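# A closer look at the structure
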2 protein chains.
Amino acid sequence: MSAYEELLTRLKDIDLIRQIGSLLSWDQEVLMPPKAAPLRAEQLAWISKTAHERLTDARIGEILDEIESNDDMDEITSANIRLAREAFDRATKLPTEFVEEMAKHRSRALISWTEAREKDDFSIFRDDLEIAIGHARMKADFYLYESGLTVERLDPLFSGLRENVAPLIKEVVEKDEGPDLSWVTESTWSQKAQEELSQSVSEAIGFDFEAGRRDLSTHPFCGGPNPDDVRWTTRYSEEDPFGSLFGSMHETGHGTYEQGRPRDLDFQPAGKANGLGIHESQSRLWENQIGRSREFCEWSIPLWRKFFPENMDGVSAEQLWQAVNLVKPGLIRVDADEATYNLHIMIRYEIEKQLIAGEIDVDDLPDAWDEMYNEYLGIRAPNRTLGVLQDIHWSMGAIGYFPTYTLGNLYAAQLLESARNDLPEHDTQIREGDFFPLLKWMRDNVHSRGSVLEPAELIKEATGQDPSPDAFIRYLGSKVERLYGVSA
Amino acid sequence: MSAYEELLTRLKDIDLIRQIGSLLSWDQEVLMPPKAAPLRAEQLAWISKTAHERLTDARIGEILDEIESNDDMDEITSANIRLAREAFDRATKLPTEFVEEMAKHRSRALISWTEAREKDDFSIFRDDLEIAIGHARMKADFYLYESGLTVERLDPLFSGLRENVAPLIKEVVEKDEGPDLSWVTESTWSQKAQEELSQSVSEAIGFDFEAGRRDLSTHPFCGGPNPDDVRWTTRYSEEDPFGSLFGSMHETGHGTYEQGRPRDLDFQPAGKANGLGIHESQSRLWENQIGRSREFCEWSIPLWRKFFPENMDGVSAEQLWQAVNLVKPGLIRVDADEATYNLHIMIRYEIEKQLIAGEIDVDDLPDAWDEMYNEYLGIRAPNRTLGVLQDIHWSMGAIGYFPTYTLGNLYAAQLLESARNDLPEHDTQIREGDFFPLLKWMRDNVHSRGSVLEPAELIKEATGQDPSPDAFIRYLGSKVERLYGVSA
């Protein structure tokens, strides 16, 4: 066995451990009986520890040292070596005690964050947040949720949004003209019909239910062990039919990406999905760019009428399109519309940078948060729960994670612009529910490329352009102009 | 850390791996999408290999050698050492290549058995069965599915059944008088109502649904990772309401045993459930001894009427009792009634002994099977699928497993006889649906004793008698006399 083959064997072993861990986590969220929580935590800790032990095996370092000196590697081999090196360095740089301390702190912080939210009292979470920020500073991989991602690359993307999207929203708010949504809000939307609509749309997009499942969970997510077993979840509210549909399309986007990974690279780093930003581009593409398009509304209105004959009586595709594209600044990120969403992220990104740099103190954070909401969205939270305490991320130590959501939106717009150039019949195809050409374009240009390239290189290869906010700004501007008759 | 503590730490590690494997297996049977099968097999193989590697670590042998010389051990410590030694010896005796070869053969044999059944052609399975028998011969643990179990101990149990039960069934068949079952066979039994009945009965018995689940699967089983997460399944036929109810009671029996394990011995061999025969005693107790008793029928008839108001109109507890106790020789083991069931097992036990001893050739097996069915049950299979190909066990290499089913029946009768001596109000309690005293008796005398004693010792401790077929023969004889007016 060559050194490279030995490396792949070792990586396969680690990947199998993680696949198993993914199933345990999925089950924990979806099915597990309540009393099982403590022993499930032990099982998951065993998985983490075992994967960490195997990844930090000194032999992996030796093999990497040996192979890296070889400068005659093909594209796949270099990607595997590069990604294995990144993972090995990240795992070995962090002392095991620090990893354990972070894991324990995460459990404590999750509890204090939950209590702080319940009691609307930031001070309960304050100390744990400060520790989490300290950990984030110590972690060399700050702002490395996406491979190769740095503040230098992120700042220009966000400043593009700040300069273009913020004024556009201001125009919409000042004009103060929205569609009549009484047909949505004054009805009850049966859960069973929502499930059927979600299932039909996910099947139409091309999610393979022979290699995956749809289930119910409190927090929607896409998980599962591998491309043959992709499991996404959604939740339902009988007061609002859009949450489950667009949630389902979002997770279907993640799911089709997983199912489209290059299967000849199973168990290899180069065969993995390419970072959180690219992953989010696939979910946002189907949720927003396609799901909230006029063409999609035209295709889906017969489905809506089939599953909700009474609710949809007399509702046109135009009304549906207006309803799913309502622009209205709100306090809660997860409820935000497509136009305001990225401003929520921008605020978090600015705050995270200042916290890490020590330019803002934890005690000043809650008011700083409210100030920024007032500045960019023109609204102010009446309490901490609707303000700084709304997201779980910081309690989980996920500092620097939020920007991947905005990257996903920008990448989605940029990828769709390119896809449309290659697919002249795109609008007609969406109107007819023929999603295969677009899915195939994503399979060919994104999914099947795995992690062979760095994310920014992948976007450049697929679209001919470096990552940029321009396509998103064009897309949003044009849509808001059609909907509200305003432009920035 | 003392050598004993190190041993427990290592055993905990192995137990966690097995807990994880149990969840993967449960998911495979209940939920997994079909295309996930090949990678799930890799995950499960990883689990087996990793558990095997850790169990065969030479350090475990060293520790055992060191501790075993200590003759001043308490009951728990000796049990842990004894069981760890058994597991270590069994694992190290089998070379890893042999274990792998057996695992691969199991996959092949399962396929050829399935095909042989579909095409009703024994020759397709013949070669793989021959290999499985060869493996069983090579495995030192033949007839060791239950600790300490040998042919010397089994033969007297089966001869007791042969001498007493076979003639009893002959009497019933010759008398040829059965109850009128038209109220069962001429109705449709809604699946939803069957689910509600199963759930109600399982809750009444005392299964803790905060620490477990009920699901649907093709092959009913009880699994799940640990006593806080016990998962049992059942299946439903709208033509027959008894299969799901008694299946549910059977799995509930297994489930309450798992939930009743001594929690201070979590992760220790002495804290495990005590072998397959004792496990089966708990399932058979609730399924047959309780579930098919006259008192249980009296308690449950209002539930039957609640969930099946039309089907049960005018049906009395006496009619229900007669219906669930029909004695009728049939070809299929899993459909057999309580009286004939053990003869199915006895036939398999005799055949396995002859196969292993080389007294019967694989090619002669199908006809030998049919001959024995004719001799003991007076019926002959019209084809191989209803004959020798009916059970999955041999294709999975489980040769020597069947007798544990009969042991379960014998132990159940013996345990209940003792419990009734301690619980003078037993009949009244069952008639009133107060199952707690009996469950508590099992908790105190069986469940909480884990694997501290060998199975036969546990039976002796709980009942004051060595394992024997006598209680079962008395129980069955008395019931058949009440039902059919015959005695052997």
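First, a word on scope: everything that follows refers to the structure included in this document.

Cut-off values and rules
Residues numbered from 1 in each chain as written. Chains lettered and ligands numbered in written order. Predicted model: local features only at pLDDT ≥ 70, side-chain atom pairs only at ≥ 80, totals over all residues. Heavy atoms only, no water. Helix = DSSP H or I, 4+ residues; strand = E, 2+ residues; numbered from the N terminus. Rg over C-alpha atoms; globule rule 2.2 N^0.38 Å. Buried < 20%, exposed > 50% of the residue type's maximum accessible area, 1.4 Å probe, protein only. Contact = heavy atoms within 4.5 Å. Lys, Arg positive; Asp, Glu negative; His and termini not counted. Charge placed at Lys NZ, Arg CZ, Asp CG, Glu CD. Pairing = 2+ DSSP bridges. Axes fitted to C-alpha atoms, helices over the stretch in contact; angles between N-to-C directions. Polar contact = N/O pair within 3.5 Å; in protein donor to acceptor, adjacent residues only side chain to side chain. Expected span 1.5 Å × (residues − 1). Parallel < 35°, antiparallel > 145°, perpendicular 65-115°, else oblique. Left-handed = near helix turned anticlockwise from the far one by under 90°. Nonpolar A, V, L, I, M, F, W, Y, C, P; charged D, E, K, R; others polar. Least-squares fit on C-alpha atoms with pLDDT ≥ 70 in both. Patch = residues over 30% accessible without salt bridge, like charges linked within 9 Å, V, L, I, M, F, W, Y side chains within 5 Å. Areas by Shrake-Rupley, 256 points an atom, 1.4 Å probe, with all protein chains shown as cover. Salt bridge = Lys/Arg side-chain N within 4 Å of Asp/Glu carboxyl O. Buried area = accessible area lost by both parts, 1.4 Å probe.

## Regarding the overall build of chain A
Assigned secondary structure in chain A consists of 20 helices and 3 strands. Against the 2.2 N^0.38 benchmark of 23 Å for 488 residues, chain A shows a C-alpha radius of gyration of 23 Å, consistent with a compact globule. Projecting the C-alpha coordinates of chain A onto the three principal axes gives extents of approximately 65 × 50 × 45 Å. In chain A, buried positions account for 56% of the 488 residues. A fraction of 73% describes how many contacts in chain A between residues 6 or more apart in sequence connect residues 24 or more apart. Put simply, chain A has 52 plus and 89 minus side-chain charges, and the middle of one group is 2 Å from the middle of the other.

## Description of the sheet that holds strand β2 (residues 222-226) of chain B
If you walk across this open sheet you meet the 3 strands as β1-β3-β2 (chain B), and the pairing is mixed. Of all the strands in the sheet, the pair left with one neighbour each is β1 (212-216) and β2 of chain B. Taking each pair of neighbouring strands and ignoring which way they run, the sheet shows an average axis angle of 20°. In the sheet, β1(B) pairs with strand β3 (residues 229-234) of chain B via 5 bridges, with the strands oriented parallel. Residue pairing across strands places Arg214(B) opposite Trp232(B), the latter belonging to β3(B). Running at roughly 70° to β2(B), helix α2 (residues 37-55) of chain A makes contact with β2 and β3 of chain B of the sheet.

## Concerning the environment of Tyr373(B)
All names here are of chain B. With respect to the helices and strands, the residue Tyr373 is situated in helix α15 (residues 365-377). Judged by its relative accessible area of 1%, Tyr373 is buried. Each C-alpha atom of the pair Tyr373 and Gly330 lies 9.3 Å from the other, and the pair is 43 residues apart in sequence. Apart from residues no more than four positions distant in its own chain, Tyr373 is found in contact with Gly330, Leu331, His344, Ile347, Arg348, Gly378, Ile379 and Gln390. Within polar-contact distance, the side chain of Tyr373 engages the side chain of Arg348 at 2.8 Å.

## Description of helix α9 (residues 191-205) of chain B
All names here are of chain B. Taking 1.5 Å of rise per residue, the 15 residues of α9 would be expected to cover 21 Å, and the 21 Å separating its terminal C-alpha atoms lies within 8% of that figure. Within α9, the full set of buried residues consists of Ala193, Gln194, Leu197, Ser198, Gln199, Ser200, Val201, Ser202 and Ile205. For α9, the secondary structure elements touched by its buried residues are β1, β3, α10 (242-259), α11 (275-290), α12 (294-307) and α18 (436-445).

## Side note on the packing of α10(B) against α11(B)
Residues and elements named next belong to chain B. It is at 7 Å that the axes of α10 and α11 come closest, and there the two elements cross at 135°. If you check the angle between α10 and α11, you find them oblique. In the packing of α10 onto α11, the handedness of the crossing is right-handed. Here α10 contributes Phe246, Met249, His250, Gly253, His254, Thr256, Tyr257 and Glu258 to the contact with α11, which in turn contributes Ile278, His279, Glu280, Gln282, Ser283, Arg284, Trp286 and Glu287. Along the lines of polarity and charge, the residues of the contact of α10 with α11 split into 5 nonpolar, 7 polar and 4 charged.

## A few points about the pairing of strand β2 (residues 222-226) of chain A
Residue and element names in this part refer to chain A. Sheet topology note: the β2/strand β3 (residues 229-234) ladder contains 3 bridges and is antiparallel. Across the sheet, residue Gly223 finds its bridge partner in β3, namely Arg231. Adjacent in sequence and paired antiparallel, β2 and β3 are bridged by 2 residues.

## Considering the relation of the copies chain A and chain B
Between chain A and chain B, the superposition needs a rotation of 178° and an axial shift of 0.1 Å, giving an RMSD of 0.2 Å. In the structure described here, the two chain copies are related by an operation that fits a two-fold rotation axis. Comparing interface residues between copies, 100% of those in chain A also sit at the interface in chain B, which points to an isologous, same-surface contact.

## Overview of unusual backbone geometry
Residues and elements named next belong to chain B. In this structure, Asp120 takes a positive phi of about 50° despite not being glycine. When you line up the elements, Asp120 lands in the loop between α5 (96-119) and α6 (123-138). The exposure class assigned to Asp120 is partly exposed, which follows from its relative accessible area of 33%. The phi angle at Phe267 is positive, at roughly 75°, despite the residue not being glycine. Tracing the backbone through its elements, the reader meets Phe267 in the loop between α10 and α11.

## Section: a negative patch on the surface
There is a patch of like negative charges on the surface, built from Glu238(B), Glu239(B), Asp240(B) and Asp335(B). Looking at where Glu239(B) falls in the secondary structure, it is placed in the loop between β3 and α10.

## As for the interface of chain A and chain B
Across the contact, 39 residues belong to chain A and 39 residues belong to chain B. Across the chain A to chain B interface the summed buried area is about 3200 Å²; carbon plus sulfur atoms make up 60%. It is Lys35(A), Leu39(A) and Trp46(A) that lose the most area in chain A upon contact with chain B, and together they represent 21% of the buried surface on that side. Taken together, chain A and chain B are joined by 8 salt bridges. Linking Glu42(A) and Lys12(B) is a salt bridge whose minimum nitrogen-to-oxygen distance equals 2.9 Å. Sorting elements by how many residues they give to the side of chain A that touches chain B places helix α1 (residues 3-30) of chain A first, with 10 residues. Each residue belonging to the side of chain A that touches chain B can be placed in one class, and the counts come to 18 nonpolar, 5 polar and 16 charged.

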